[in-house]
Amino acid sequence: MWSAGTVTGGEGVVLGKMPLRAQYLPQQGPKPRCPGKCHLQVTRALHHLLWAPCLVPCGVFSPIVSLVARTVLPSGSVVVNSCSSVAEQLCNFICDCSDCSDENQCGYLRDSAVLGTPFTCDFEDSDCGWQDVGTSMYGWVRGRASLAMWGMGPHSDHTVGTDLGWFLVTMSPPAKTTATAWLRSPEMREAAATCEIRAWYHLSGSCESTQGLNQTERPVLRLAVAHKDEVVELWQSPEHSSEGWHQLVAYPGRIMEQFQLIFSLTQPPTCGAEVALDDIMFRNCGLPENFTQCSFDYDLCDWEMAAGPPVWGRNTSLNLGTSYSIPTRDHSNNSRAGFFLHVSSDPNAQAGGTAQLSSPTFQATNSCSLVLYCHLHGSATSNLSISYVTNSTKHLMRERTGDLGSCWVRERVDFNVTDPFKVLIEGVAGSGGTVAIDDLILSQGCVKEQEKPLVTLPSQAGASPCAADEVACDSGDCIAAELACDFADTCADGSDEKRCGTTTFESGAGGWHDVSVGQLRWGLQKVTESDIFLTGTFLALQTGEGQMVGPAKARSPPLGPSGPSCTMEMSYNIHSDPQGFLAISVADHTTGTTQLVWQTQHRGSTAGGHVRVPLGERSRAFQVELLALVDLQGSASVGVDNVTFEQCYLDVVSPTAAGMARELSCNFERGMCGWYQDLSSDFKWVHSTGQGQGSDHTTGSGYFLSVDSSVPWSHGQRAQLLTSLQEPAAAPRCLSFWYRLAGPQIGTLNLKLWPEGGEEVVLWTCRGTQGSLWHRAWATLPSTGQQRYQVAFEVLHDGFLGDVGLDDITQTAGPCGAKLSCSFEVEGCGLAASGKGTWQRQSNSTGTTAGPVADHTTGTSTGHYMVVNTGRVSLPAGHTATLTSQPYQPSVSAQCLAFWYQLSAGTPGSLRVFVEQSRVRRKVLSMSTMEGSNWHRSHVTVQPNGEWQVVFEAVGAGGDHGYIALDDLHMSEGACPKPASCDFEQGTCGWSSPSDPRLHSFAWGWKSGITLAKYPGPEQDHTLGTRNGHYMHFDTSVLGARGTSALLESPPLPAATDSCLRFWYHMDIPEHLSSGELRVTLHGTTGQRTVWSVAGHRSRGWQGAVVPVQSPSEFQISFEISTRRWPMEGTVALDDIMYSTRVGCHCSPESPVEGAGKLGQGGVCSSGCERSTQSCPGCWAEAGGRSLGSGSSLTAFPPPAEKPSSSFGSFVAEVVLGVLLAVVIVALVAAGGWYWLKQRRLASRTLIESNSSQGFDNITFRDDKVIISSREGDQS
């Protein structure tokens, strides 16, 4: 809101404080109209603003200037046309009057007294003729920060930087409709092709957050030029802009008639933004005097074409059509009907065919300059050169190569020649490209030679004999164009690799060419000061001829393809301003993509060095780009020298098998060994020491590879780690590696084999979180016959949160042994099928046998499992189908075999599990029925005394249809725990987070107490009480839009009538963020119910809880963290879960249960204990949990200050204390009874009956005392 003094009259004015705009309303009376009629027909949106009968008095900015010029400005500060110039000389950016008064009130003044720049409007003295031409109260006013209210608008202007400086600003936007504020300049006569418009704008305020807000719902500031019959938009404010003053730069191009500029601000109804404008400048807009310009609108002027082919063609965009490489408009008229010269590629022309355009002969001079505008687009090999010719000798002055984009680029060449000369412009169009030129402007120093001495152009007889798709060697031979700069010598003399980017710049640019289009460019320069990184001649950042502010860009020739070890090395030096930078990117013109591979930025300091930039394997030709942006007006500088490309040849191979093995085996302590980052990937593998994810596997303090978690991931992206191309493998080998998949929504890690010219083969895969721990995996690399191959690790981002680690890769001869874990996602893991029926690996989406609708590993129809058809046709009654594992080597005295199985409904037959040792089979499990249609988990402890195998046997039962399926086999050390019981030291015991994406939930993690910055948790587990102990954990800060809960589920459990769940939990959530809770739920076919919960709270250490469990049918136990709002910063951990069946929850001390750690040591409290607190002392401590089951009133107990321990002495002490407390209670009851009888006898004497209820509802029991409170009606 903008305010001014009290106003007492005027149209639309009310008394009191008014907007600044109201202060300057014109005097009352009819509004005069501009003479004449509309000269132009323009777009409807601007029709009422341009050339139509004016809505405001002529020549003034009615809301502001009419009174401002008389009451605000000092006398004489605005002078209009003191020398009575003709109309054509007004506002033409040229001072025709001695005092330049003909260039006032033109949208600019003759100069800015503050800034010292010509043709500038700083709004300090006036509005410079700008008019608010809106039709509503929403418009532009001239104001300053000292008049601002409510903190809106800039706090200072841009010109003087204080709150007393003036600017234009919008005001009074409508609250409920989209509105546009219009600002129009006075008429300007014409503008030169070099015209540049600069202004500073300030955006303040913001739009309200609206659900479903699309990207167009934001305030948009635009600048347009209106001339002839059209309005052309020159500039639009960026989508995201921080608050503060920002500069806009626009280029209207050559305008040959009257024109006006229009600023417009459009904002949606939910916005309250304001925009201010200040310091509008016009640079190089006046037409230069005494110049010769050729726009090619009518002819070639005095320029001549050399005989072709090819030849320059004179044409228009309208005639040439909409080909990709053709300019969309000419430069002279900014019109599709305007003419320019062009040369396009011709498939039948010879390679190197050059179109020539020559000037007349000019006298020797030191002041002749040529300005032209060029357009190179559509090909990386197009070329434009500007030379001068004397005595048939060509001297190159300026050269442009490559694709500069679909835009006209300004070039200027200054000639200092001691003999008569001609200017020669040559164009070569690369395949699919076009080279065009327009607006050739010669300065007055270019004087034609009247005597016409003979200056002949050099002959083109020596042009290359090669075809259009070939290039010439220095020896004259021709080779295919794609073989040049492919890092391998194809020409006998090696000349095809000479100008391919590797250079010291001492003998030229080495194939690098400048493709800059702005105020900066790259050029060769000599070292003038001692520099340890730059020597002799180097590539330096220089001032360019363009007008746009942007980075300079130098581009290599098309290179490659390249091998995986390809690296670019260079020396550099940068002395930068605060925003300066130097960067390297790789452009792939086939896909139209550019990838940033390296950058450095130093704020106000000098830095330099030698850098190695991995470019990696690239299957298509590419170009390397050097980009730099600094402010050369200061002392900033950038230089590049000694560029080389190392090990880039595509077919780099390992010389021997031993070398191959050494190349694949790597612990990453001293680098990447033979592994390379595939830089065409969407994100990177990083050689690091942890970055908060934990230590490496090799030493605990060394290096490993991890996926770069600093890069925002998008669903479906990937990162690949490759080997070089390996020699064919005659025999299989075993590749082992350690990996880590951590995070609540991590994706997939794959190991792949890429045979040369063949289809990729997935050797191993793992999806979803495996905890913040290192796991070992094995995969057999098969023999490849005569094919060479590559090995690749691939991370797929089909999750959102998490990271991947890789370490200690080892390759050994021979295939891998029996796999300790198998998900069947890649292969059958060496399990051999035999018998009447046939086990087969399949997924539901592609399988031919009836089976589960989803596998257990991924929970999807595309996941794989092993299945056998048990229908009587495939497996008659009594017949068997067996599945036998490879031999397992016993590593400890006891091993746990766990697997998931599913039996179909009806008569599926039975599944029997045998352990075979020394050819003797021993049955260890058998199941023939299964409740529900879910996957079930089973396990068995094996105590072998030698090599053993597991045999799964399906037995047919004669049913019409049926199946038996297996998935997720896992072998671990140690005996198996009881079902659903786990101390999490060796694994998660079947506890897992559901993978169904429809649940929108996160996964719990598995970690040790070692502190990780990225995955926080308790510093000690509960089982061991050390940092090395393990537990399940979850970081609640990730809860949000992608998931509002985290689930941890047990395997399916049979119906329970009197079971008990005991567990320990650790919670640390700030109370002010605690809107969530930890719940225990039971869910089965009959539904789901919550049986225990605790609200989020600050850490109280490990807390114990006991929950009675009853379920009439098969069910699963689920721990769930949920929140009603987010973020909810904090952590939750679980440890020592023990599930007991048919014993209930009682209060006697228990011995540790196998596989359950220390759970059960010490007293255990539960509502099942006589339903009385007296028999369960200590049960009411503040554990915070609450049971929600029927009849449950006691569910949690706290740990002692020290680690709990089982002690008979402590148990005796508790019993003694309980007895003493019981005695006290009995005594109090007796005393109370005696007192009650006494009062009753007194009452009977006075014939008064008491009607109050009897009982002990006024007695409160506490741990150390009994409180008897007064009841209603009691007298003191």
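That block above? That's the structure.
Residues numbered from 1 in each chain as written. Predicted model: local features only at pLDDT ≥ 70, side-chain atom pairs only at ≥ 80, totals over all residues. Heavy atoms only, no water.

Can you help me understand the overall build of the chain in this one?
Within the chain, the secondary structure is distributed over six helices and 70 strands. Evaluated residue by residue, the chain yields a buried proportion of 51% over its 1276 residues. Excluding contacts between residues fewer than 6 apart, the proportion of contacts in the chain whose partners are at least 24 apart in sequence is 75%. A total of about 57900 Å² of accessible surface is found on the chain, and carbon and sulfur atoms cover 51% of it. (Helix = DSSP H or I, 4+ residues; strand = E, 2+ residues; numbered from the N terminus. Buried < 20%, exposed > 50% of the residue type's maximum accessible area, 1.4 Å probe, protein only. Contact = heavy atoms within 4.5 Å. Areas by Shrake-Rupley, 256 points an atom, 1.4 Å probe, with all protein chains shown as cover.)

Hey, could you run me through the nonpolar core in this one?
One recurring pattern in soluble globular proteins is that nonpolar side chains are buried together. Formed by 43 residues in total, the largest nonpolar core has its most connected members in Trp-130, Trp-140, Leu-221, Leu-261, Phe-263 and Phe-282. Dropping the residues within four chain positions of it, Phe-263 is found in contact with Trp-130, Trp-140, Ala-181, Trp-182, Leu-183, Ala-199, Leu-221, Arg-222, Leu-223, Leu-248, Leu-277 and Ile-280. In terms of nonpolar packing, the next biggest core, distinct from the first, is built from 38 residues, Phe-1002, Trp-1004, Ile-1069 and Leu-1134 among them. (Core = buried A, V, L, I, M, F, W, Y, C linked by side-chain atoms within 4.5 Å.)

Any chance you could explain the packing of aromatic side chains here in plain terms?
Given two aromatic rings, their pairing is described by the distance between the two centres and the angle made by the two planes. In the structure shown here, the tally under the stated rule is 33 aromatic pairs. An angle of 55° between the planes, with centres 6.2 Å apart, marks the rings of Phe-899 and Tyr-901 as tilted. With a relative accessible area of 9%, Tyr-901 lands in the buried category. Aromatic side chains Phe-1063 and Tyr-1065 sit 6.3 Å apart centroid to centroid with 45° between the ring planes, which places their arrangement in the tilted category. Taken together, the aromatic side chains of Trp-675, Phe-737, Tyr-739, Trp-764 and Phe-793 make up a single cluster linked through ring pairs. Positioned above the aromatic ring of Phe-339, the side-chain terminus of Arg-314 is 4.0 Å from the ring centre. (Phe/Tyr/Trp six-rings, centres within 6.5 Å; stacked < 30°, edge-to-face > 60°. Lys NZ or Arg CZ within 6 Å of the ring centre and 35° of its normal.)

Would you take a moment to explain a nonpolar patch on the surface for this structure?
On the surface, Val-114, Leu-115 and Val-160 cluster together to form a nonpolar patch covering roughly 200 Å² of accessible area. Among the structural elements, Val-160 can be located in the loop between strand E4 (139-144) and strand E5 (166-171). Judged by its relative accessible area of 37%, Val-160 falls in the partly exposed class. (Patch = residues over 30% accessible without salt bridge, like charges linked within 9 Å, V, L, I, M, F, W, Y side chains within 5 Å. Salt bridge = Lys/Arg side-chain N within 4 Å of Asp/Glu carboxyl O.)

Even after reading the chapter, I still don't get the sheet that holds strand E55 (residues 949-955), so can you show me in this structure?
Pairing is antiparallel in the open sheet, where five strands are placed in the order E47-E50-E55-E52-E53. Unpaired on one side and paired on the other, strand E47 (832-835) and strand E53 (920-927) mark the two borders of the sheet. Sheet twist, expressed as the mean angle between neighbouring strand axes with direction ignored, is 25°. Relative to strand E50 (residues 880-884), E47 is paired through four bridges, and the arrangement is antiparallel. (Pairing = 2+ DSSP bridges. Axes fitted to C-alpha atoms, helices over the stretch in contact; angles between N-to-C directions.)

What's the story with unusual backbone geometry in this structure? I'm lost.
Negative phi is the rule for most residues except glycine; trans is the rule for most peptide bonds. In this structure, Pro-561 follows Gly-560 across a cis peptide bond, with omega equal to 10°. Within the element layout of this structure, Pro-561 appears in the loop between strand E29 (552-555) and strand E30 (567-575). Of note in the backbone geometry, Cys-91 takes a positive phi value of approximately 55° without being a glycine. Among the structural elements, Cys-91 can be located in the loop between helix H3 (65-71) and strand E1 (109-111). Overall, Cys-91 belongs to the buried group, its relative accessible area being 9%.

So what exactly am I meant to see when it comes to the pattern of salt bridges here?
Close approach of charged atoms allows side chains of opposite charge to pair. All chains considered together, the criterion is met by 25 salt bridges. With a closest N to O distance of 3.3 Å, Arg-400 and Asp-514 form a salt bridge. You can see Arg-400 sitting in strand E20 (residues 393-401) and its partner Asp-514 sitting in strand E26 (residues 513-514), a full 114 residues away along the chain. According to the relative accessible area criterion, Arg-400 is buried, its value standing at 4%. Asp-514 gets classed as buried once you look at its relative accessible area, which sits at 7%. The partner of Arg-555 in a salt bridge is Glu-625, and the shortest N-O contact between them spans 3.0 Å. Taken together, the positions of Arg-555 in strand E29 and Glu-625 in strand E34 (residues 623-629) put the pair 70 residues apart, joining distant regions of the chain. Residue classification places Arg-555 among the buried residues on the basis of a relative accessible area of 5%. Each member of the salt-bridge network shares a partner with another, and the members are Arg-398, Arg-400, Glu-411, Asp-514 and Arg-521.

Please explain the pairing of strand E41 (residues 748-755) as it appears in this structure.
Note on strand geometry: in a regular strand, side chains alternate between the two faces of the sheet. E41 sits mainly inside the fold: eight of its eight residues count as buried. Burial along E41 is two-sided: Thr-748, Asn-750, Lys-752 and Trp-754 and Leu-749, Leu-751, Leu-753 and Pro-755, pointing in opposite directions, are all buried. As judged from the six bridges shared by E41 and strand E42 (residues 761-767), these two strands associate in the antiparallel manner. Residue pairing in the sheet places Lys-752 in a bridge with Val-762 of E42. Turn length for the E41-E42 hairpin, with the two strands adjacent in sequence and antiparallel, is five residues, and the turn residue Gly-757 shows positive phi of about 80°. Strand direction decides the pairing type here: E41 and strand E44 (residues 789-796), joined by eight bridges, are antiparallel. The partner of Lys-752 across the bridge, within E44, is Ala-792.

Mind showing me how you'd approach the sheet that holds strand E31 (residues 581-588) here?
Sheet strands pair by backbone hydrogen bonding; their relative direction is either parallel or antiparallel. Overall, antiparallel pairing links the five strands, which are arranged E26-E29-E34-E31-E32 in an open sheet. Since the sheet does not close on itself, it has two edges, and those belong to E26 and strand E32 (593-600), each with one partner. With seven bridges connecting them, E31 and E32 associate as antiparallel partners. Note that in E32 the partner of Ala-587 across the bridge is Thr-594.

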